[in-house]
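Survey of secondary and tertiary structure
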Amino acid sequence: MNDVIQAVKGTRDYYPEEMAVRRWLYDNIRQVSESFGYQEWEGPFLEKIELYAAKSGEEIVEKQSYVFEDRSGERIALRPELTPTLARLVAKRQPQLVFPLRWWSFGPFWRYERPQKGRGREFFQWNIDLIGDHSPEGDAELAVIAATFLQKIGFKSDEVNILVNNRKLMEQKTEALGIDAEMRPAVYKLIDRRDKLKTADWENYAEEIGLSSTQIDSLMDILENDQLWQESDELRRFFKTVEIFQIKDYINFAPHIIRGLDYYTGTVFEAWDTAGDFRSLFGGGRYDNLVDDVGGKPVPAVGFAAGNLVITLLLEKLGRLPTVGNSPAQVLVTIFDSEHILPSLLLADELRQSGMKIATYPNPVKLAKQFKYADRIGTPLAIVLGPDELASNQVTVKDLRSGDQHNIPRDQFPKAILDLLEGDSAS
RNA sequence: GUGGAUGUAGCUCAACGGCAGAGCGCCGCACUGUGGAUGCGGUGGUUGAGGGUUCGAUUCCCUUCAUCCACCCCA
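The structure reproduced in this document is the subject of the present report. Everything numeric here is computed off the predicted structure, so don't read it as measured data.

Examined bridge by bridge, strand E2 (residues 46-48) and strand E4 (residues 75-78) share 3 bridges and lie antiparallel to one another. Among the inter-strand pairings, Lys48 is bridged to a residue of E4, identified as Ile76. With 3 bridges joining them, strand E3 (residues 67-69) and E4 adopt antiparallel strand pairing. What sits directly across from Glu69, in E4, is Arg75. Linking E3 back to E4 in an antiparallel pair, the connection comprises 5 residues, with Gly73 at a positive phi of about 90°.

Applying the stated criterion across every chain, the model contains 23 salt bridges. Ionic pairing is found between Asp419 and Lys415, a salt bridge with its closest N-O pair at 2.9 Å. Of the two residues, Asp419 and Lys415 are both situated in helix H15 (residues 415-426); the distance of 4 residues between them amounts to about one turn of the helix. Residue Lys415 is classed as exposed on the basis of its relative accessible area, which comes to 55%. Ionic contacts of the salt-bridge type, sharing partners, join the residues Arg23, Asp27 and Arg30 into one network.

Before going further, it helps to examine the protein's contact with RNA strand B. The local shell around RNA strand B holds 39 residues, among which Glu81, Lys189, Arg376, Glu389 and Leu400 are the closest. Close to the protein, within 4 Å, the atoms of RNA strand B are drawn from sugar and phosphate at a rate of 48%. The separation between a phosphate oxygen of RNA strand B and a polar side-chain atom of Gln116 is 3.3 Å. One of the side-chain nitrogen or oxygen atoms of Asp388 is found 2.5 Å away from a base oxygen of RNA strand B. Mapped by element, the contributors of at least two residues to the surface near RNA strand B are helix H3 (58-64), helix H13 (367-377), helix H14 (387-392) and strand E15 (394-399). No other element matches H13, which puts 6 residues into the surface near RNA strand B. Residues of the surface near RNA strand B, tallied by class, amount to 12 nonpolar, 8 polar and 19 charged.

Cut-offs applied
- Residues numbered from 1 in each chain as written.
- Chains lettered and ligands numbered in written order.
- Predicted model: local features only at pLDDT ≥ 70, side-chain atom pairs only at ≥ 80, totals over all residues.
- Heavy atoms only, no water.
- Pairing = 2+ DSSP bridges.
- Helix = DSSP H or I, 4+ residues; strand = E, 2+ residues; numbered from the N terminus.
- Salt bridge = Lys/Arg side-chain N within 4 Å of Asp/Glu carboxyl O.
- Buried < 20%, exposed > 50% of the residue type's maximum accessible area, 1.4 Å probe, protein only.
- Near = heavy atom within 4 Å.
- Polar contact = N/O pair within 3.5 Å; in protein donor to acceptor, adjacent residues only side chain to side chain.
- Nonpolar A, V, L, I, M, F, W, Y, C, P; charged D, E, K, R; others polar.

So, in structure tokens, the structure goes:
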């Protein structure tokens, strides 16, 4: 075991069981996205470093991206996020695209960080964006999509929560406290930590930033006011819209949600597990300067990104991982002995013509071993085609779940087999 | 980048500084044309790696690597 070469730090191996879960997530993502009229797209995994340098902060690009020089000396990054790529694609064909665009994507991303719970260096992310619309109803659409997805994969509204706020509202409120624009990033960071720090620590932090004690008190009041959204025209329209949807319980106002980085311009939201065991399941919001930095005309947009790792961890903790114990095959055709290999392979191929998933045992070992293999991989049926069967033009079919065994004449194929399989799945 | 915890069989874990073990798994047999149950037998290891202390190290010390957790950061 020592000489097995180790996987790259922070990567995850998807053995068939894990791959089945990822695939299941992808299927749900696709269904939800498409049900709202969104189209799948994909960009390259490699981008020029400038694409990120234009928008993202320097530290992010320098310290948390995989960057390398290609053979021509060009500096290339493994994409750490999708939004700059989205901006690039939109800018490139801006005049001919039909807005609003509804686009979604699911693919791999890389960030050079220290791995820990729910965070790796390679992960998969669902990105979904509504581009070219600036309405609060558009914001609501994205939150509703997110909630629909959470419900679809089995989370209840008391287990996960989409917390919503609005940056313009917070800008107003902090301005009214006499906090000027250049202090705002630090204050937003402070707001973001309201429920991550103990009150005393939070107050100390606030003082360090340079807030007066009256400012701190007022800010704390603001962050405890769950009716604050009433003061925002955008949020009133947002919640009025959300209200009509059946998943409305998943979506709530939360004044401390502000999001890490600067490019959000309006509504922002994050999804959390209510027990607080994990980091956020996803985050997003409105960013009305998309395309700006890559050389196009500004386009309003709203979207979010959801990683696969935290969602999978939470599903696991709640015991909701899908039961994807399906066998790779529905039938194992055994091979009686070295004289009877070809008839078995021929039978298997016949059965495949009717759409069944058929595996054959690769070589004529003892039947007991082949049956054990069938059992281990979970095929419902095993077929034996030996000298007796060939002589009587029959096939022996064993149902591995009931243990029943049938002799089926060849002319009843493949219907008899299909009937057996359907009978099983119905019961 | 900072701090903490943990590395023993394929997996989950034991072993006051004194012969490295158990359960599960795997293989075989009972059952040479039939899996799952049962019984019996067997396979299993450079104790992450390197060094030190000691008569003797899985155990104590140092270094290193890996994993996990927290901080930082979260596009």
